[in-house]
Amino acid sequence: MAALPSRYYFIGDLDKMVQSPPLQGMRVLEFAGLAPGPFAGMLLADYGATVLRVDRAHPAAHTATPPPPTADQLTRRKTSITVNTKTADGVALIKKLVSNVDIVIDPFRPGVLEKMGLDPTTVLLSLNPRVIVARMTGFRRDGKYKDMAGHDINYIAVSGVLSMLGRKGEKPYAPGNLIGDFAGGGAVCFMGILLALVQRERTGLGQVVEANMVDGSAFMASMPRFAAKTPTWAAERGTNMLDGGCPYYDTYETKDGKFMAVGALEPQFFAALLEGLGISEAEIDGNRLDKGTWLHQRFLYTQKFRSGLGRSDLESSGFDQRPIVTLRNSPGLALADGEAEGRPAAEGQGIGIEGNGWESKGLRPGHDGEDVLSQWMGWNRGRHYDLKNGGLELVELVQKRFSQAKL
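Cut-offs applied
Within any chain, residue numbers begin from 1 and follow the written order of that chain's sequence. A pLDDT threshold of at least 70 governs which residues receive local features in this predicted model, and a stricter bar of 80 or more applies before side-chain atom pairs are shown or counted, although totals over entire chains, interfaces and linings include all residues. Each side-chain value is worked out from all heavy atoms of the structure, with water and hydrogens disregarded. UniProt positions are given in the numbering used here, feature names are shortened, and annotations may be inferred rather than shown by experiment. We count a stretch as a helix when DSSP gives it H or I for four or more residues in a row; a strand needs E for two or more, and each element gets its number in order from the N terminus. For this analysis, a polar contact is any N or O atom pair within 3.5 Å, provided that within protein one partner can donate a hydrogen and the other can accept it, and provided that sequence-adjacent residues contribute only side-chain to side-chain pairs. Here, a salt bridge means any Lys or Arg side-chain nitrogen found within 4 Å of an Asp or Glu carboxyl oxygen. Exposure is judged per residue with a 1.4 Å probe applied to protein chains only, and the accessible area is read against the type maximum: over 50% gives exposed, under 20% gives buried, and values in between give partly exposed. Each patch is built from residues lacking any salt bridge and having more than 30% relative accessible area; the joining distance is 9 Å for like charges and 5 Å for nonpolar side chains (Val, Leu, Ile, Met, Phe, Trp, Tyr). Accessible surface is estimated by sampling points in the Shrake-Rupley manner with a 1.4 Å probe; for residues, cover comes only from the protein chains shown. Pairing between two strands requires that DSSP report at least two bridges joining them. For helices, the fitted line uses only the C-alpha atoms of the stretch in contact; every axis is such a line through C-alpha atoms, and the angle between N-to-C directions lies from 0 to 180 degrees. Contact between two residues is taken to exist if any of their heavy atoms lie within 4.5 Å; hydrogens are not considered. Classification of ring pairs rests on two measures: the distance between centres of Phe, Tyr or Trp rings, Trp counted by its six-membered ring, which must be within 6.5 Å, and the angle between planes, read as stacked under 30 degrees, edge-to-face over 60 and tilted in between. Our definition puts a charge over a ring when NZ of Lys or CZ of Arg is within 6 Å of the ring centre and also within 35 degrees of the ring normal.

Taking an unreviewed UniProt entry as the reference, the protein chain is identified by name as Isopenicillin N epimerase component 2 belonging to Friedmanniomyces simplex. Among the UniProt annotations of the protein chain, the heading Sequence similarities (unreviewed entry) holds the following wording: "Belongs to the CoA-transferase III family."

A few words on the side chain of arginine 343. Residue placement: arginine 343 occurs in the loop between α10 (294-306) and α11 (369-377). Here glycine 348 takes part through its backbone oxygen, which lies 3.4 Å from a polar atom of the side chain of arginine 343. There is a polar contact of 2.9 Å between the side chain of arginine 343 and the backbone oxygen of glycine 350.

Considering all chains together, one arrives at 19 salt bridges under this definition. When the shortest N-O distance is used, the salt bridge between arginine 53 and aspartate 55 registers 2.8 Å. For the pair arginine 53 and aspartate 55, one class covers both residues: buried. Between aspartate 250 and arginine 167 there is a salt bridge, with the nearest N and O atoms lying 2.9 Å from each other.

Further remarks concern a nonpolar patch on the surface. A surface patch of nonpolar side chains, about 240 Å² in accessible area, is lined by Tyr145, Met148 and Val158. Within the fold, methionine 148 resides in the loop between β7 (132-137) and α5 (152-159). In this structure methionine 148 comes out as partly exposed when scored by relative accessible area, which is 42%.

Here we take up unusual backbone geometry. Not every positive phi belongs to a glycine, and asparagine 356 is a case in point at roughly 55°. Structurally, asparagine 356 can be placed in the loop between α10 and α11. Its identity as a non-glycine residue notwithstanding, aspartate 368 has a phi of 60°, on the positive side. On the basis of relative accessible area, aspartate 368 is assigned to the partly exposed category, the value being 37%.

Before going further, it helps to examine the sheet that holds strand β3 (residues 27-31). Pairing is parallel across the open sheet formed by 6 strands, whose spatial order is β5-β4-β3-β6-β7-β8. A strand with exactly one partner marks an edge of an open sheet, and here the two such strands are β5 (78-83) and β8 (208-212). Pairwise comparison of adjacent strand axes, ignoring direction, gives a mean angle of 20° for this sheet. Sheet analysis places β3 next to strand β4 (residues 50-56), joined by 5 bridges and oriented parallel. In the sheet register, leucine 29 faces β4, and the bridge partner there is leucine 52. The sheet strands contacting helix α6 (residues 178-203) are β6 (103-106), β7 and β8, and the helix crosses β7 at an angle near 160°. Relative to β8, helix α7 (residues 213-220) is tilted by about 65°, and along the sheet it contacts β7 and β8.

With that settled, the discussion passes to the packing of aromatic side chains. Each aromatic ring pair is characterised by the separation of its centres together with the angle its planes make. Tallied over the entire structure, the rule returns 9 aromatic pairs. Their ring planes at 55° and their centres at 5.6 Å tell us that phenylalanine 31 and phenylalanine 108 sit as a pair that is tilted. Taken as a pair, phenylalanine 31 in strand β3 and phenylalanine 108 in the loop between β6 and α3 (112-115) lie far apart in primary sequence, 77 residues in all. The buried category is assigned to phenylalanine 31, whose relative accessible area is 3%. Taking 6.4 Å as the distance between ring centres and 85° as the angle between the ring planes, the aromatic pair formed by tyrosine 248 and tryptophan 294 counts as edge-to-face. Of this pair, tyrosine 248 sits in the loop between α8 (222-227) and β9 (249-253) while tryptophan 294 sits in helix α10, placing them 46 residues apart in sequence. Grouped by ring-pair contacts, the aromatic residues Phe139, Tyr145 and Tyr155 constitute a single cluster. The positively charged end of arginine 288 is found above the aromatic ring belonging to tyrosine 248, 5.0 Å away from the centroid. Lying over the aromatic face of phenylalanine 270, arginine 288 brings its terminal NZ or CZ to 4.8 Å of the ring centre.

The element helix α1 (residues 36-46) is largely enclosed, with a buried count of 11 among its 11 residues. Every buried residue of α1 is listed here: Pro36, Gly37, Pro38, Phe39, Ala40, Gly41, Met42, Leu43, Leu44, Ala45 and Asp46. After α1 finishes, the residue glycine 48 shows a positive phi value of roughly 105°.

Written as structure tokens, this is what we have:
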């Protein structure tokens, strides 16, 4: 049998050839931020990319007593360097790195990179025409709120999604920061990066990817927006089929103080619900689809569930965390601990990580980042860069050579 290329290896049975994760070899430079940007970076890391986070300079960084982890918990498989981007030598180090990476993640508000002297179009793409610069903002870059700060709740309010969420007669409520930060933000940014990578395969050129949580969230709500023109979602908030109005598509408190989720829209599922609760169809007092019966149905189900038991949460029930999507021939990296060999593709490749994906200890600024600089660039501290005031800076000689190479 001929030797296999390095991107292939055996996992499990010897007759089953599995490729390495699809993003293995990709180099990602992620400017430190919170929520959507780091989430996009974590997804890239889960599928094999090497992600190096750029943190602010810290007096204890890159020392024997490093600073504590930052507030960012989305740090799986990432490393960190600290850089003072307010100094010319610090910016010079970033520029040199950009010349040798595939993806840059910008989590800042509009104009921040430009003020650093790192304009994506005129600077970063000129340094590296293949680089993909993913820019993640809350509001649109060209909208009236472009210069305003905000949070998930503000972005989904502007998108119109927030107005659709809530019980009848109550004010709208935000479901944590799931819709704006993660679904409409980080996941959409990740998708944009992948699209840009596909395009780069065709053209050899990178580009700027712009994602914002207003448009991303609005797009995530495409189905209910369309359904608002139909009986499915045409009524006021909290009275429709899928927004908490329907009694057989809702949650109920159980005897043990926990809650049960019920989704019984189809006739066969509804029949199973009634059977499980010991309710006859005649007790509903009419057609289950008739909203006039919904109040009575809800009363029946509430009483039955309060006399029964609930279910444990996912972690304590043994539910294992897995990569976000299964690629059968080139799985992502495993989250759950376990043997590397023989693991099903759905569980991911490798031995997993500490915590099995249920917890994060964060990332200390400067943690293991210098190892990445050595691997990517062949750099050594003192020769190619120095540590000054808690941040790494390009040394003068390297900076001069870099400047001359651009001329």
